[in-house]
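Observations on the model geometry
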Amino acid sequence: MFAAVRSELTRLRQPRLLVTWFGLMTLFAVMINTIMVTYVSGGSSLPPGAPGVAFPTLAELESPSGLMSGLAAASSMFGVVTLSIWAVVTAGDYGSGLIRLLVAAEPRRWRLLAGKVVALVVLTAAATTVAAVVNVLAVMPAAGAAGISTAAWGTDLVPVVAGAWVNLFLALCVWGVLGLVIATLARSAAVAIAIGIGYVLVVESIVKMLEDVPSDWLLGTTLNAVASGGTATIAYGTALALALGYVTLGLVVAGVVFVRRDVTD
Amino acid sequence: MSVVTTTNLTRRFGPITALDRLTVELPATGVIGLVGPNGSGKSTLIRILLGLIRPTSGSASVLGSAISSPAHYASRVGVLVESPAFIPGLSARTNLVSLARLRHVPLERVDAVLAQVGLVGRDREPVKRFSLGMKQRLGIAAALLSDPELLILDEPTNGLDPAGIVEIRELLRDLGREGRTVIVSSHQLSEIEAVCDHLVVIRFGELIFSGPMAEMMKRTREHIDIAAEHAADMERLEAALAAEGWAVTAVDDVLRVAAAADRAADLNRAAAAAGVTLRRLVFAQDNLEEIFLEMTGRVDGELANGRAAVDEKVA
C-alpha cells in the first residue's frame, strides 16, 4: 500500500490544486476571523441553526481558547472546501480516464483506495496547518482593532493550538471522506460537491428547523462539535464516536463500490 | 505457449452482447493485431483481460494466470487503454514517476522509456501542452515502464502524424523482435497489415478469424482493373465482357475483373474485340482492408448493436 500512497502523493503535487485548496483555507480563515471578531465585539450573535458557522460569545473569545476559536467557527466552510478537493481528486481519475491505467497497474483496488485516502489525509494535515497559522495571524490584528482583550491568549498556548488543530483536522478528514464517497459513487466532482454543499446548507438547516426531529446526530452538527471540542448539545466523545461511525460507513460503501464496480468510461 | 486464452468468454451490457462465447488463443510471439468494426467487442475484451470489467460467463487467462486474479500478471503487462490518460497539470516525467512508484519500478526506467518514445527534452512540460501525438507517445512510454512481457495497446498510432506513425510502427516491430508480445487494437488496417504477425478479427463479439497474418493474406483475391479510353464505352465494355463470361464489377471509374495477372492479355484482346481501346489495365490484389470488409461486412457494429437492442425491446 505504501507504493499506492507515494504514487498518489506524486499525483497530488498539482500546483493549481494545492494553490486552490490552501488559498481557500487562507481566505476563509481571514474572512471568518475578521467577521467573527467584528460580530462578537459588537454584541451580536448568530441566529441558532445558522448554516455553516458558529460564533463564540465575547467571554469565550477572550478566554485562552479564543485565539483558535476562528477554526471551529469556520469548520463547516473548511469542511466544504476539503470535501470539494477530495471529490475533485477522486472524480478526476474517472474524468481523465486515469482510473483505467491505475487499476490495470494495481488490480488490488482496495490498495489504490487506501493509498488515495492516506495521501489526501496527509495533505489535509497540511491544509489544517495553513488554516491554523493564518487563523493566528488574522485574529490578532482583528481583535486588536475591535478592542477585544487578548491578555489570556498566551495561556496554555501549546495545548490550545494543538487541540484546535487536532479537532479541525479530524473534522476535515471526515468531510474529505464524505467527498470521496460521493465522488466514488457519482464519478463526478460537480455532482459530489453539489450534494455535499447542498446537504450542509439546505438539508441540515431544514432538519434543524424541525423541532420534533433530533438534529445532534447530523453530519454537519457532529463535525462542528468535533472541530469545537464538543458543544453544549453534543459531547466531544459522542461527536468523535459518531464521526468514526460516519467514516467507517463511508469507507466501507466506497470500498465495496470501487472494488466491485466495472471500470468503464 | 499462449499469452492470452479465452474460453466461451461472454460479456453482456443489458440487452447488448459485447462478447459472445469468444474462444481464442493468442500466441506468445511478435505483434498481434486485434481488429473489428466499431462495437465489435475489442475494448471489452481488453478491459476483461486487464481486470477492469468482469465477464458475464466464460473464462480467460493472461500469461498463464486466470483473469480472476489480475494482480498475478499485472506487473508483466503494459497497457495503453483507449486514449492516453494523464494529469494535465503535471509534467510528463511526474506522471510517469507516479506510475513507476505504483508499479514498484525503478525511476531510471522513466528516463529509458522517455528516450524510447522520443520525448526527452519535453518531459518537464505539463502534459496539457502536449499534442495528441505526444500524449500518445507518453501513453506508450507508460505502457513500457515495467518492461513488460506483454503489451496491450489500443489505437497506439491515433493522433500521430505520418512520421510519428512510421516511428511507432518501427517501435512496435522492435518490441516484437525483442521477444515481447504486443497486442495492438487498431482501426488503421494498413498499420496492422504492416506490423502484425498474427491477426484476430472480431465482429459482434464473435471470433471471425484468428491466425497468422500470412494465412489471412492468402484470402487475397486477384483482379484486373480496366478503363476504356472513352467513358462512354464503359457500359458497352462491361456488357461485352460479361457476355464472354468474365466476372465484372463497376468500381468507381473502373471495371474490376476477377482474374489472375496472366489473363491480362486475354482481357485486352476481349476489349479490342468489342471495339474498345483500353487506357488503363492494372493488376491488383485485395489488401487487408478489403479482405476485412469482405469478412465483417460494411456495417458499423455500434449502430448494429443499437438496432439489435431496440429490436429486442420492441419484441
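First, a word on scope: everything that follows refers to the structure included in this document.

As for the overall build of chain B
Of the regular secondary structure elements, chain B holds 11 helices and 14 strands. With respect to the three principal axes, the spread of C-alpha positions in chain B is 75 × 55 × 40 Å. By residue count, 44% of the 315 residues in chain B fall in the buried class. Looking at chain B alone, contacts between residues at least 24 apart form 70% of all its contacts between residues at least 6 apart.

Section: the overall build of chain A
Check the secondary structure of chain A and you find 11 helices and zero strands. Walking chain A from its N terminus toward its C terminus, one meets helices and strands in the order α-α-α-α-α-α-α-α-α-α-α. Taken over C-alpha atoms, the radius of gyration comes to 19 Å for chain A, in line with the 18 Å a tight globule of 265 residues would show. Principal axes of the C-alpha set define a box for chain A whose edges measure 60 × 45 × 30 Å. In chain A, once contacts between residues fewer than 6 apart in sequence are set aside, the share between residues at least 24 apart is 77%.

Brief notes about the sheet that holds strand β14 (residues 278–285) of chain B
Residue and element names in this part refer to chain B. One open sheet holds the four strands; their spatial order is β12-β13-β11-β14, and the pairing between them is antiparallel. What marks the edges here is a single partner per strand, and that holds for β12 (248–251) and β14. Averaged over neighbouring strand pairs, the angle between their axes works out to 25° when direction is ignored. Relative to β14, strand β11 (residues 222–228) is paired through seven bridges, and the arrangement is antiparallel.

Brief notes about the nonpolar core
With 160 residues, the main nonpolar core has Ala87 of chain A together with Leu49, Leu96, Ala141 and Val184 of chain B as its most contacted residues. At 16 residues, helix α8 (residues 157–186) of chain A tops the list of elements feeding residues into this core. Discounting residues that sit within four places of it in the chain, Val184 of chain B has contacts with Val31, Ile32, Gly33, Leu34, Leu153, Pro156, Leu172, Ile192, Val195 and Cys196 of chain B. Counting residues in hydrophobic clusters, the runner-up holds 13 residues, among them Ile224, Ala228, Ala270 and Ala271 of chain B.

Parameters and conventions
- Residues numbered from 1 in each chain as written.
- Chains lettered and ligands numbered in written order.
- Predicted model: local features only at pLDDT ≥ 70, side-chain atom pairs only at ≥ 80, totals over all residues.
- Helix = DSSP H or I, 4+ residues; strand = E, 2+ residues; numbered from the N terminus.
- Buried ≥ 20, exposed ≤ 12 C-beta atoms within 10 Å, placed from the backbone.
- Contact = placed C-beta atoms within 7 Å.
- Rg over C-alpha atoms; globule rule 2.2 N^0.38 Å.
- Pairing = 2+ DSSP bridges.
- Axes fitted to C-alpha atoms, helices over the stretch in contact; angles between N-to-C directions.
- Core = buried A, V, L, I, M, F, W, Y, C linked by C-beta atoms within 7 Å.

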